[in-house]
Amino acid sequence: GAGVSQSPSNKVTEKGKDVELRCDPISGHTALYWYRQRLGQGLEFLIYFQGNSAPDKSGLPSDRFSAERTGESVSTLTIQRTQQEDSAVYLCASSLKRSGGELFFGEGSRLTVL
Amino acid sequence: DQQVKQNSPSLSVQEGRISILNCDYTNSMFDYFLWYKKYPAEGPTFLISISSIKDKNEDGRFTVFLNKSAKHLSLHIVPSQPGDSAVYFCAANSGGSNYKLTFGKGTLLTVNP
């Protein structure tokens, strides 16, 4: 497809379980971002990948969160031992390097932790 | 500490009238500002941006105004159309970086036919 693709679109899990969220960016976009939006809040930056450079992980809220990206392709966000406060929509975005802040977002993965 | 504030959670206007969405920021290092629009069950889409070297940027029906001394920006939509009904997010960053955008909580705009 032409846009950013995320899966799953919805995930319900039990507290303490691990979850993996996947993002397939727009082809040719070297930069990839993860944000999350908790209910009633704005989008929060989580992590940024740019080409083969070391990712900026400064937005990850705890060591239970990790993300990987292979080259300039798919990224996976992993949340270990999920907590109820992890419930949110996790949004992935990609951009051309130096695109002036124009991020192209996917539809998001809605995570509900019971 | 919320660095980008959208104090109006919702706004309702009549079709054909002007919609004005407001955004305030506290971080004086911010030098690039963006508006994103979000429909339900979709990701946000980029709408318009402005650099701190300008005080106005216009794109069709959408104009963004920046008042640096007041740390305030606004998005004007004129004329408003029912298809403009969406959540509008204000975002900012600093140093020309493309990432680590700081977003406001959003304003739900409803344009009534």
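The structure under discussion appears in the preceding block.
Residues numbered from 1 in each chain as written. Chains lettered and ligands numbered in written order. Predicted model: local features only at pLDDT ≥ 70, side-chain atom pairs only at ≥ 80, totals over all residues. Heavy atoms only, no water.

## Regarding the sheet that holds strand β1 (residues 4–5) of chain B
All names here are of chain B.
So, point 1. Ordered in space as β1-β3-β8-β7-β6, the 5 strands form an open sheet in which the pairing is antiparallel. The open sheet has two edge strands with one neighbour each: β1 and β6 (56–59).
So, point 2. The sheet contact formed by strand β3 (residues 19–25) and strand β8 (residues 72–77) spans 6 bridges and is antiparallel. Opposite S19, over in β8, you have I77 as the bridge partner. (Pairing = 2+ DSSP bridges. Helix = DSSP H or I, 4+ residues; strand = E, 2+ residues; numbered from the N terminus.)

## Regarding the side chain of A:S95
Residues and elements named next belong to chain A.
So, point 1. Here S95 shows up in strand β8 (residues 88–95).
So, point 2. Taking relative accessible area as the criterion, S95 reaches 0% and is therefore assigned buried.
So, point 3. For S95, the contacting residues outside a window of four places in its chain are H29, T30, A31, Y33, E102 and L103. (Buried < 20%, exposed > 50% of the residue type's maximum accessible area, 1.4 Å probe, protein only. Contact = heavy atoms within 4.5 Å.)

## Looking at the nonpolar core
So, point 1. Core analysis: the biggest nonpolar cluster contains 23 residues, and B:F33, B:W35, B:L73, B:L75 and B:Y88 have the highest contact counts within it.
So, point 2. Where this core is concerned, the elements lending two or more residues are β3, β4 (30–38), β5 (45–51), β7 (62–67), β8, β9 (86–94) and β11 (107–112) of chain B.
So, point 3. Looking at which element gives the most residues to this core, the answer is β9(B), with 4 residues.
So, point 4. Excluding anything up to four places from it in sequence, B:F33 contacts B:Y25, B:I48, B:S49, B:I50, B:S52, B:L66, B:L73, B:A91 and B:A92.
So, point 5. Counting 20 residues, the second largest nonpolar core, distinct from the first, contains A:I26, A:L60, A:I79 and A:V113. (Core = buried A, V, L, I, M, F, W, Y, C linked by side-chain atoms within 4.5 Å.)

## Side note on the packing of aromatic side chains
So, point 1. Tallying each qualifying case throughout the model produces 11 aromatic pairs over all chains.
So, point 2. Taking the centre distance of 5.6 Å and the plane angle of 85° together, the rings of A:Y35 and B:F103 count as edge-to-face. Linking A:Y35 in strand β4 (residues 31–37) with B:F103 in strand β10 (residues 102–103), this pair reaches from one chain into another. Each member of the pair, A:Y35 together with B:F103, is buried.
So, point 3. The rings of A:Y35, A:F45, A:F105, B:Y36, B:F46, B:F89 and B:F103 are connected pair by pair, giving a single aromatic cluster. (Phe/Tyr/Trp six-rings, centres within 6.5 Å; stacked < 30°, edge-to-face > 60°.)

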